[in-house]
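Working through the structure, step by step
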Amino acid sequence: MNTRHEPWNHLYRLRKELDQLFQPYQLSGDDQSSASTCDWIPPVDIKEEKDRYVVRADLPGVDPKEIEITAENGALTLRGHRAGETRESQSGYSRVERPCGSFYRRFSLPDTADLAQIAARSANGVLEIGIPKLTHTLSRTIKVEG
């Protein structure tokens, strides 16, 4: 049996484990099982503009139909799948670095996010999620009775 040493595979697995360890969000309930079984974590930029928040995720090679975005309970969840080569069809490759399989990200949403108006579009391998800010926030002063 011919076994080839692939040092980059070890480094990739270590990076994947470190990424999962230092994810910038806390998970709860069933979400933990989804995150622990994800195959890769797409890089994301988050920007606040005057009237909205913008989330951009690098998802090259991901079919937009394979992306699921949900906003509920104060969190934005992004999950999906990127198809890739099967283990059997990888023979002949000298290097395999591009991750494939399922991905999962979850972010806390600010109270000012307008969940009803969130929109997403994908172009050139970049997913952009626009999260408008509420035009007004409900606030009031509460009188303390003594």
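Note: the structure precedes this text.
Throughout what follows, the structure given in this document is the object of discussion.

Calculation notes
Residues numbered from 1 in each chain as written. Predicted model: local features only at pLDDT ≥ 70, side-chain atom pairs only at ≥ 80, totals over all residues. Heavy atoms only, no water. Helix = DSSP H or I, 4+ residues; strand = E, 2+ residues; numbered from the N terminus. Buried < 20%, exposed > 50% of the residue type's maximum accessible area, 1.4 Å probe, protein only. Contact = heavy atoms within 4.5 Å. Areas by Shrake-Rupley, 256 points an atom, 1.4 Å probe, with all protein chains shown as cover. Pairing = 2+ DSSP bridges. Polar contact = N/O pair within 3.5 Å; in protein donor to acceptor, adjacent residues only side chain to side chain. Axes fitted to C-alpha atoms, helices over the stretch in contact; angles between N-to-C directions.

1. Topic: the overall build of the protein chain
On a plain count of helices and strands, the protein chain comes out with 2 helices and 7 strands. Across the 146 residues that make up the protein chain, the buried fraction comes to 25%. A fraction of 55% describes how many contacts in the protein chain between residues 6 or more apart in sequence connect residues 24 or more apart. In the form shown here, the protein chain has an accessible surface area of approximately 11000 Å², with 49% of it arising from carbon and sulfur atoms.

2. Observations concerning the pairing of strand β6 (residues 119-123)
Relative to strand β7 (residues 126-132), β6 runs antiparallel, the two sharing 5 bridges. Note on β7: the bridge partner recorded for Ala-120 is Ile-129. Counting the residues in the hairpin turn of β6 and β7 gives 2 residues, including Asn-124, whose phi is positive at 55°.

3. Observations regarding the side chain of Arg-105
In this structure, Arg-105 sits in strand β5 (residues 101-108). A polar side-chain atom of Arg-105 sits 2.8 Å from the main-chain carbonyl oxygen of Pro-42.

4. A closer look at the sheet that holds strand β3 (residues 67-72)
Judged by pairing direction, the sheet is antiparallel, and its 3 strands sit side by side in the order β3-β4-β5 without closing on themselves. Taken across any chain shown, the strands that pair with only one partner, and hence form the sheet edges, are β3 and β5. Neighbouring strand axes in the sheet, compared pairwise and without regard to direction, differ in orientation by 10° on average. Summarising the sheet, β3 and strand β4 (residues 75-82) pair through 6 bridges and their orientation is antiparallel. Bridge pairing in β4 places Glu-72 opposite Ala-75.

5. Observations concerning the environment of Ile-131
On the secondary structure map, Ile-131 appears in strand β7. Judged by relative accessible area, which is 2%, Ile-131 ranks as buried. Distance from Ile-131 to Ile-118, taken between C-alpha atoms, is 4.7 Å for residues 13 residues apart in sequence. Other than its neighbours up to four places away in sequence, Ile-131 contacts Arg-52, Tyr-53, Val-55, Leu-76, Leu-109, Ala-113 and Ile-118.

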